[in-house]
Amino acid sequence: MAAVEALPALLALPFMQRALLGGLLTGALGGLLGSVAVLRQLSFFSDALGHSALLGISLGILLGVNPTLVLVPFAVLFALLVNQLVQRSRLPTDALLNIVYSTSLAFAVVALSLVDTYRGNIQQLLFGDILGISWPDLWVIAGLAVLALGYLIVSLRAQVLLILNDDLAGAFGVRISAHRLAFIVLLAVVVAVSIKAVGVLLISAFVVIPACAARLVSRRFSTYVLTSVLLGGSCAVLGLLGSGLTNLPSGPCVVIVQFAGFLLALLWSRLVVPA
Amino acid sequence: MAELVLQVSGLRVLRDGVPVVDDVSFALPAESDTALVGPNGAGKSTLVAAVLGLLPRQAGEVRLLGQPLSPQGRWPRSVRAQVAYLPQSLAVEGRFPLTVRDFVGFGFDPPGPRWPWRGAERRRQAIERALERTQCRALGRRLISELSGGQWKRVQLAFCVVRPRRLLVLDEAQAGLDAPSSERFQQLLLDLRRQEGWTVLQVSHDLEMVRRSCDQVLCLNRQLRCSGSPDHALSPQRLAELYGPGYVPYQHHHAPLS
């Protein structure tokens, strides 16, 4: 009851309004790209990218540059490097990603240990600080959301054929390398931009959980993508409200709500959706 | 003389610097059904991939409907639209949120964006007709991940037949099917080929099927070892040359039980 009474006051706070909008956009964006990433078996890629981003942040701190500015080029470079490694190496992708991200993490910790003047909170890097999101951050995320949506609408057929089989897609006129690269770079930029709000440890949940939940309950591809977007956005808003009302950390609250949504989808798929 | 749909001459493809396909030449007359046979590692899938422009070639020329494949492996758009291809397997793992009708629809759509309000009725009719012709009408609302192996292969044929095409390339499309499903698939393929005027190139290990259904056989083991009618190319002597001297074709006999 007290929580309901506190809600209007909470919603009146400017930083909370920005956080809710940021959560909605970040969650929806994660759900959008996650719907393709999960089917293309890139879930671990987003996780590895998130963890490796800590190195980008550490380099920014070490060089005295705003870490957010370093993060986007770092993530894109990381994605391109991993893409090349996956194509040229004969090692399994998950093993390769594990090597790259654990090495990045090791370098990140070493880099951070060299900085004795860092005043930032490591907790913020790990779990994000969505309450500290600014209007310029929101504009960047909104622009990215429009770009991602446009790209996926234009390339929907190509994405589905690529999920099914690269050669099938190529034979039906899809430019395999261009689309693979475009999607990976887009995913990298989204992960990098979302890290400020979500943190390096929880970013993959934003990409993977809504998509997996949507996959359980959807029958058509367009419904699946839409459900993933709606789940991503709504879980973020609910998680943030819960976090604000209970004074618990925001990023983990969002992920817990996403997990609850996943459990509900699982239940729904067992009880309602035909096998 | 029949029109030549596909002409390949002097094709050479390297993988890791090693020639996997070497100096291969052949032609497919219109509406013919040609089998590409050979042992594992003979270069069959590589040859198919090079012909489709999916793998770079180091030498040779490939022409489809008289148009050359560019050195970068690109066909003119109008020519590309005349080709359908079915690989050995498509990655449908777990619950895949795509209905049969939606999947077949992607076979109808040209590359690039599709505006839902443009040509929707024509698209819907083409999908329904393709499902009807491949005996998949009842499967339209099913998820592609819910289908049996035989149903999934027929749906893939619907994906190919949803739009008129000239060349159908199959890479071991019947792998993993049991005998009745394989038989049904092959009969359907034969019917569609006659109705649609398809020229078919199919990689296969099922020599009995090849003997029964195909007009022409290409025997590949890095180079083209022989070609011709099934009776000629699949003679015991030719098969021993292709697969090695120890190869004895399996003969199925129905002897009464004693």
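Everything here concerns the structure above.
In what follows, the accompanying structure is described.

### Points about the overall build of chain B
- In terms of helices and strands, chain B carries 9 helices and 10 strands.
- Compactness check: chain B gives a C-alpha radius of gyration of 19 Å against a globular reference of 18 Å for 258 residues, within 12% of the reference.
- Burial status across chain B gives 50% buried among its 258 residues.
- Contacts in chain B between residues at least 24 apart in sequence constitute 66% of all its contacts with a sequence separation of at least 6.
- For chain B, the exposed area adds up to about 12,200 Å²; of that, 50% sits on carbon and sulfur atoms.
- Here chain B holds 33 positive side-chain charges and 25 negative ones, and the gap between their average locations is 7 Å.

### Section: the interface of chain A and chain B
- Tallying the contact residues gives 30 residues for chain A and 35 residues for chain B.
- Summing both partners gives a buried area of about 2,800 Å² for chain A against chain B, and 58% of it is carried by carbon and sulfur.
- In terms of surface lost to chain B, no three residues of chain A exceed Arg157, Leu164 and Arg219 of chain A, which account for 25% of the buried area on that side.
- The tally of links from chain A across to chain B stands at 2 salt bridges.
- Between Arg219 of chain A and Glu146 of chain B there is a salt bridge, with the nearest N and O atoms lying 3.4 Å from each other.
- The interface formed by chain A and chain B contains 12 residue pairs in polar contact (both at pLDDT 80 or more).

### Comments concerning a nonpolar patch on the surface
Residue and element names in this part refer to chain A.
- Together, Leu59, Leu62, Leu63, Val65, Leu69, Val110 and Leu114 make up a nonpolar patch on the protein surface, roughly 650 Å² of accessible area in all.
- Secondary structure elements with two or more residues in the nonpolar patch: helix H3 (43-63) and helix H5 (93-114).
- Here the nonpolar patch gets 3 residues from one element, more than from any other, and that element is H3.
- If you trace the backbone, Leu59 turns up in helix H3.

### A word on the sheet that holds strand E7 (residues 167-171) of chain B
Residues and elements named next belong to chain B.
- Here 6 strands make up an open sheet; going across it, the order is E6-E7-E8-E3-E9-E10 and the pairing mixed. Single-partner strands in this sheet number two, and they are strand E6 (83-86) and strand E10 (223-228). Pairwise comparison of adjacent strand axes, ignoring direction, gives a mean angle of 15° for this sheet.
- Relative to E10, strand E9 (residues 216-221) is paired through 5 bridges, and the arrangement is antiparallel. Each bridged residue has a counterpart across the sheet, and for Leu220 the counterpart in E10 is Leu224.
- Lying on the sheet, helix H9 (residues 236-243) is in contact with strand E3 (33-37), E9 and E10; it crosses E9 at an angle near 30°.

### Regarding the sheet that holds strand E2 (residues 18-29) of chain B
Residues and elements named next belong to chain B.
- One open sheet holds the 4 strands; their spatial order is E2-E1-E4-E5, and the pairing between them is antiparallel. Whereas interior strands pair on both sides, the edge strands pair on one side only; in this sheet they are E2 and strand E5 (67-68).
- Here strand E1 (residues 4-15) pairs with E2 via 8 bridges, running antiparallel. Residue Leu6 lies in a different strand from E2, and its bridge partner there is Leu28.

Each value, and the rule that gives it
- Residues numbered from 1 in each chain as written.
- Chains lettered and ligands numbered in written order.
- Predicted model: local features only at pLDDT ≥ 70, side-chain atom pairs only at ≥ 80, totals over all residues.
- Heavy atoms only, no water.
- Helix = DSSP H or I, 4+ residues; strand = E, 2+ residues; numbered from the N terminus.
- Rg over C-alpha atoms; globule rule 2.2 N^0.38 Å.
- Buried < 20%, exposed > 50% of the residue type's maximum accessible area, 1.4 Å probe, protein only.
- Contact = heavy atoms within 4.5 Å.
- Areas by Shrake-Rupley, 256 points an atom, 1.4 Å probe, with all protein chains shown as cover.
- Lys, Arg positive; Asp, Glu negative; His and termini not counted.
- Charge placed at Lys NZ, Arg CZ, Asp CG, Glu CD.
- Buried area = accessible area lost by both parts, 1.4 Å probe.
- Salt bridge = Lys/Arg side-chain N within 4 Å of Asp/Glu carboxyl O.
- Polar contact = N/O pair within 3.5 Å; in protein donor to acceptor, adjacent residues only side chain to side chain.
- Patch = residues over 30% accessible without salt bridge, like charges linked within 9 Å, V, L, I, M, F, W, Y side chains within 5 Å.
- Pairing = 2+ DSSP bridges.
- Axes fitted to C-alpha atoms, helices over the stretch in contact; angles between N-to-C directions.

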